[in-house]
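# Close look at the chain arrangement
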Amino acid sequence: MRVLVTGGLGFIGSHTVVELIQNGYDVIIIDNLYNSELDVKDKIKDITGIEPKVYIKDLLDKKEIENIFKENKIDEVIHFAGYKAVGESCKEPLKYYNNNLVGTINLLDIMKKYNVKKIIFSSSATVYGNPGVPKYSESLGRGKTTNPYGNTKSMIEQILEDLYKSDNIWSIGLLRYFNPIGAHESGLIGEKPVGIPNNLMPYILKVASGELEYLRVFGNDYNTHDGTGVRDYIHVVDLGKGHVKALEKLEKSGPGLYIYNFGSEKGYSVLDLVKTFEKVNNININYKIVERRPGDLDEYYADSSKAEKELGWKAEKTLEDMCRDSWNFMKKQK
Ligand code: NAD
Ligand code: UD1
């Protein structure tokens with residue numbers, strides 16, 4: 001099977017490409033290097049022994065996407081490419097709506113034209129909004145998203161649902177990720193934090209490496225076991241494996257709209273993560289408790305039982321693995 005992976009040089013994309021190659025898929029990547037580097041291609045080759053074909057192209061350039069479909073017989077698509085910084089999306093909403101929505105519509109249009117009707121889309125737990133319960137299951141449905149980034153995820157899910165309703169030959173997977181962290185155990189690929197990170201693990205890594213002085217813990221008066229925010233962290237390698245399972249499901253079950261939560265089903269607080277990172281890596285992380293970050297929820301984690309039942313997938317790696325592998329990758333970046 002030949003699978004086109006958009007955003008395949010990025011954090012989650014590159015780990016998924018490794019799993020796809022290791023499962024015998026023929027992979028073609030399209031990425032515009034907005035948030036990745038070309039040498040990820042070599043790292044994928046170092047890990048798997050196979051170099052994927054890479055097109056440095058932009059999804060906003062519809063002609064170029066069409067050329068890729070003309071040149072290659074593509075069977076299915078995994079669509080990661082998009083912008084993902086929540087704070088930036090509030091400052092520059094048009095940039096986010098343009099890249100995430102127009103890029104996706106261009107891709108879908110060309111897929112339709114070339115009769116490629118299998119796609120997996122990278123969605124997010126953010127589409128649940130604030131449902132009022134901590135354990136999110138797919139049956140809750142989409143809620144009210146709270147920022148332009150989240151709106152693009154919710155809107156793209158809606159577009160894909162409408163597409164399926166209009167032509168039920170499509171096989172569509174909507175995968176809602178919780179908080180992906182960690183890195184490949186080789187330390188060759190991972191998430192390269194650029195500038196001052198917004199997310200917790202990239203921030204901890206910069207404190208660990210001495211680039212930032214201390215972690216700001218956003219609030220310790222939440223209704224959680226230690227007062228700090230609780231999230232469901234999932235190892236990016238588990239996530240990559242989940243994509244292979246989801247693709248197999250689309251191939252086996254045929255047309256349909258398949259929605260799955262990808263999380264570890266465990267909630268860990270900010271301080272749980274800090275303490276585990278300190279313990280497994282033997283490094284002290286300085287932190288200060290500061291004001292809550294606007295818009296943050298106290299606690300949520302995944303119900304991933306549907307993915308376990310229907311895909312035979314379950315997150316296997318522990319918080320210790322995530323902390324060790326994230327730091328192992330970061331150390332190799334110096
Ligand atoms: P990433 O930024 O590392 O990867 C995205 C890749 O897409 C990058 O390599 C970037 O260069 C590329 N890209 C962006 N716009 C493009 C365009 N117009 N044309 C071609 N390439 C383009 O992000 P990631 O963490 O790997 O996330 C992948 C997907 O998963 C995104 O859609 C993201 O919204 C979604 N997601 C991520 C998280 C997370 O916490 N990382 C959580 C939920 C959902
Ligand atoms: C956010 C987004 C989500 C996105 C995810 C990964 C929302 C509601 N959620 O999730 O859509 O998929 O990022 O990109 O927009 N924290 C600190 N100090 C820091 C950073 C974070 O204490 O410097 C705390 C937060 O308050 C939170 C936890 O750590 O309790 C996790 O934060 P973060 O990594 O930013 O992810 P989310 O906010 O869960």
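Just above, that's the structure.
What this report covers is the structure whose coordinates are included nearby. (Residues numbered from 1 in each chain as written. Chains lettered and ligands numbered in written order. Predicted model: local features only at pLDDT ≥ 70, side-chain atom pairs only at ≥ 80, totals over all residues. Heavy atoms only, no water.)

One non-glycine residue with positive phi stands out, namely L33, at about 65 degrees. Looking at where L33 falls in the secondary structure, it is placed in the loop between β2 (26-31) and α2 (40-48). Among the residues examined, L33 registers a relative accessible area of 28% and is labelled partly exposed. A positive phi is found at N282, a non-glycine position, where the angle reads about 55 degrees. Summarising the element assignment, N282 is placed in the loop between α9 (270-281) and β14 (287-290). (Helix = DSSP H or I, 4+ residues; strand = E, 2+ residues; numbered from the N terminus. Buried < 20%, exposed > 50% of the residue type's maximum accessible area, 1.4 Å probe, protein only.)

Attention now goes to the site of ligand 2. With respect to spatial proximity, 21 residues lie near ligand 2, and among them L200, R216, R231, R293 and D296 are the closest. In the model, an oxygen atom of ligand 2 is placed 3.3 Å from a nitrogen or oxygen of the N147 side chain. One nitrogen or oxygen atom from the side chain of R293 is found 2.8 Å from an oxygen atom belonging to ligand 2. Surface burial for ligand 2 is 90%, taken as the share of its 750 Å² of free accessible area covered by protein chains. Top contributing element to the shell around ligand 2 by residue count: strand β9 (residues 215-218), with 4 residues. In the shell around ligand 2, the residues fall into 10 nonpolar, 7 polar and 4 charged. (Near = heavy atom within 4 Å. Polar contact = N/O pair within 3.5 Å; in protein donor to acceptor, adjacent residues only side chain to side chain. Areas by Shrake-Rupley, 256 points an atom, 1.4 Å probe, with all protein chains shown as cover. Nonpolar A, V, L, I, M, F, W, Y, C, P; charged D, E, K, R; others polar.)

Another point: helix α7 (residues 200-208). Buried residues dominate α7, accounting for 9 of its 9 residues. Among the residues making up α7, those that are buried are L200, M201, P202, Y203, I204, L205, K206, V207 and A208. Among the structural elements, β8 (179-181), β9, β11 (233-235), α9 and α11 (319-331) are those in contact with the buried residues of α7. Backbone geometry just downstream of α7 places G210 in the positive-phi region, at approximately 90 degrees. (Contact = heavy atoms within 4.5 Å.)

For the rest of this paragraph, the subject is the packing of helix α3 (residues 62-71) against helix α5 (residues 93-113). With their axes 10 Å apart at the nearest point, α3 and α5 run at an angle of 35 degrees to one another. For the pair α3 and α5, the crossing hand works out as right-handed. Residue-level inspection shows K62, I65, E66 and F69 of α3 in contact with α5, the latter providing N106, L107, D109, I110, M111 and K113. Partitioning the contact of α3 with α5 into residue classes produces 5 nonpolar, 1 polar and 4 charged. (Axes fitted to C-alpha atoms, helices over the stretch in contact; angles between N-to-C directions. Left-handed = near helix turned anticlockwise from the far one by under 90°.)

On to empty space enclosed by the protein. Within the structure shown, the criterion is met by 2 cavities of 30 Å³ or more. The volume enclosed by the largest cavity comes to roughly 80 Å³. Residue lining of the largest cavity: F11, I181, G182, A183, G190, E191, P193, M201, P202, L205, S326 and F329, and that is the complete set. Of all the secondary-structure elements, those providing two or more residues to the lining of the largest cavity are α7 and α11. (1 Å grid on protein atoms, 1.4 Å probe; cavity = no way out; pocket = protein on both sides within 12 Å on 5 of 7 lines; lining within 4 Å. Points joined across faces, edges and corners; volume = space filled by probe spheres on them.)

Residues V3, L20, V27 and F262 are the most contacted members of the largest nonpolar core, which totals 36 residues. Of all the elements in the fold, those that place two or more residues in this core are β1 (2-6), α1 (11-22), β2, α2, β7 (171-177), α8 (236-253), β12 (256-262) and α10 (305-311). Once residues within four sequence positions are removed from consideration, F262 is found in contact with L175, R176, Y177, F178, I234, L239, G242, H243, S304, A307, L311 and W313. Judged by nonpolar contacts, the second largest core, of 25 residues, contains I28, I30, I110 and F121. (Core = buried A, V, L, I, M, F, W, Y, C linked by side-chain atoms within 4.5 Å.)

Quick look at the sheet that holds β1 now. Strand pairing in a sheet relies on backbone hydrogen bonds. The paired strands run either parallel or antiparallel. Spatially, the 7 strands line up as an open sheet ordered β3-β2-β1-β4-β5-β7-β12, and their pairing is parallel. Both edges of this open sheet fall to β3 (53-56) and β12, since each of them pairs with a single strand only. Averaged over all adjacent pairs, the angle separating strand axes in this sheet is 15 degrees, with direction ignored. Pairing of β1 with strand β4 (residues 76-79), which is carried by 4 bridges, proceeds in the parallel orientation. (Pairing = 2+ DSSP bridges.)

Here β9 shows one buried face, formed by L215 and V217, and one open face, formed by R216 and F218. Across 4 bridges, β9 lies against β14 in parallel orientation. Across the sheet, residue F218 finds its bridge partner in β14, namely V290.

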